[in-house]
Amino acid sequence: GGGGGLDHLRQSAQFQALRAMVQANPAILQPMLQELGKQNPALLQQINANQAEFLRLLNEPIDQNEAAAAAAQMGMMEGAMGDDGEGGAPPGTIQLTPEEAEAVDRLVAMGGGAWDRALVAQAFFACDKDEALAANYLLEHGGEFME
């Protein structure tokens with residue numbers, strides 16, 4: 001038997017990124033949900049109505065195939081096929097538009113090079129491509145990502 005009204009979140013690349021970030025740092029959940037309430041009040045209402053299911057989904061182990069499937073569904077693996085598997089992006093790679101890449105580069109620069117670009121890109125997408133929100137998140141929690 002399938003779950004309730006939140007099963008569609010499993011297919012969301014944004015939810016995959018949020019889940020990875022929340023599992024790495026549970027304190028981020030509240031600010032992310034507040035931001036979600038501004039961006040998508042209907043989804044927040046759905047989450048609030050199904051809190052137990054939402055928490056269960058958040059706590060599921062991150063399955064690489066599931067993450068890759070979500071990325072594929074989002075069209076992020078377009079260059080990954082062909083060339084006998086060479087060239088192209090590896091599965092799970094997020095393809096950025098030039099504008100998104102510039103925003104990620106600015107965020108990486110803000111961290112003085114201490115933040116991994118992939119993590120910065122994840123934060124950017126989890127924050128619904130809101131550069132200011134991603135910057136706040138990274139400044140608050142960026143020390144946890146330093147290698």
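Throughout what follows, the structure given in this document is the object of discussion. Counting restarts for each chain, with residues numbered from 1 along the sequence as it is written. Whole-chain, interface and lining totals are the exception, using all residues; otherwise, since this is a predicted model, local features are given only for residues with pLDDT of at least 70 and side-chain atom pairs are given and counted only at 80 or more. For the side-chain quantities, the full set of heavy atoms in the structure was used; hydrogens and water were omitted.

Labels follow the DSSP assignment, with helices taken as runs of H or I lasting at least four residues and strands as runs of E lasting at least two, numbered in each case from the N terminus. Across its full length, the chain holds eight helices and zero strands. Partly exposed residues are those whose accessible area sits between 20% and 50% of the maximum for their type, while under 20% is buried and over 50% is exposed, using a 1.4 Å probe and protein chains only. For the chain, the proportion of its 147 residues judged to be buried stands at 37%. In the chain, once contacts between residues fewer than 6 apart in sequence are set aside, the share between residues at least 24 apart is 62%. By element, 53% of the accessible surface of the chain is carried by carbon and sulfur atoms, the whole surface being about 8200 Å². In this analysis, two residues are considered to be in contact whenever any of their non-hydrogen atoms come within 4.5 Å of each other. Each accessible area value is a Shrake-Rupley result obtained with a 1.4 Å probe; residue values ignore everything except the protein chains displayed when judging cover.

This paragraph deals with the side chain of E100. Along the chain, the position of E100 falls in helix 6 (residues 98–110). The residues contacting E100, other than those within four sequence positions of it, are Q95, F124, F125 and K129.

A 1.4 Å probe that fits but cannot get out identifies a cavity on a 1 Å grid over protein atoms alone, an open set with protein on both sides within 12 Å along at least five of seven lines counts as a pocket, and a residue lines either if it has an atom within 4 Å of a point. Grid points are joined across faces, edges and corners, and a volume is the space filled by probe spheres set on the points. There is about 260 Å³ of room inside the second largest pocket. Looking at the second largest pocket, it is lined by 18 residues, and the ones nearest its centre are Q14, L18, L36, L43 and A126. Put simply, the parts of the chain that give the lining of the second largest pocket at least two residues each are helix 1 (13–24), helix 2 (29–39) and helix 3 (41–49). With five residues, helix 2 is the single largest residue contributor to the lining of the second largest pocket. When residues are sorted by character, Ala, Val, Leu, Ile, Met, Phe, Trp, Tyr, Cys and Pro go into the nonpolar class, Asp, Glu, Lys and Arg into the charged class, and all the rest, Gly among them, into the polar class. Here the residues of the lining of the second largest pocket sort into twelve nonpolar, four polar and two charged.

Looking at the element boundaries, D130 is found in the loop between helix 7 (117–126) and helix 8 (131–141). Using a relative accessible area of 24% as the deciding quantity, one classes D130 as partly exposed. When the C-alpha atoms of D130 and A103 are compared, they prove to be 9.2 Å apart, with 27 residues separating the residues in sequence. Two N or O atoms form a polar contact when they lie within 3.5 Å of each other; inside protein one atom must be a possible hydrogen donor and the other a possible acceptor, and for residues adjacent in sequence the pair counts only when both atoms belong to side chains. Polar side-chain contacts of D130 include one of 2.9 Å to the backbone nitrogen of L133.

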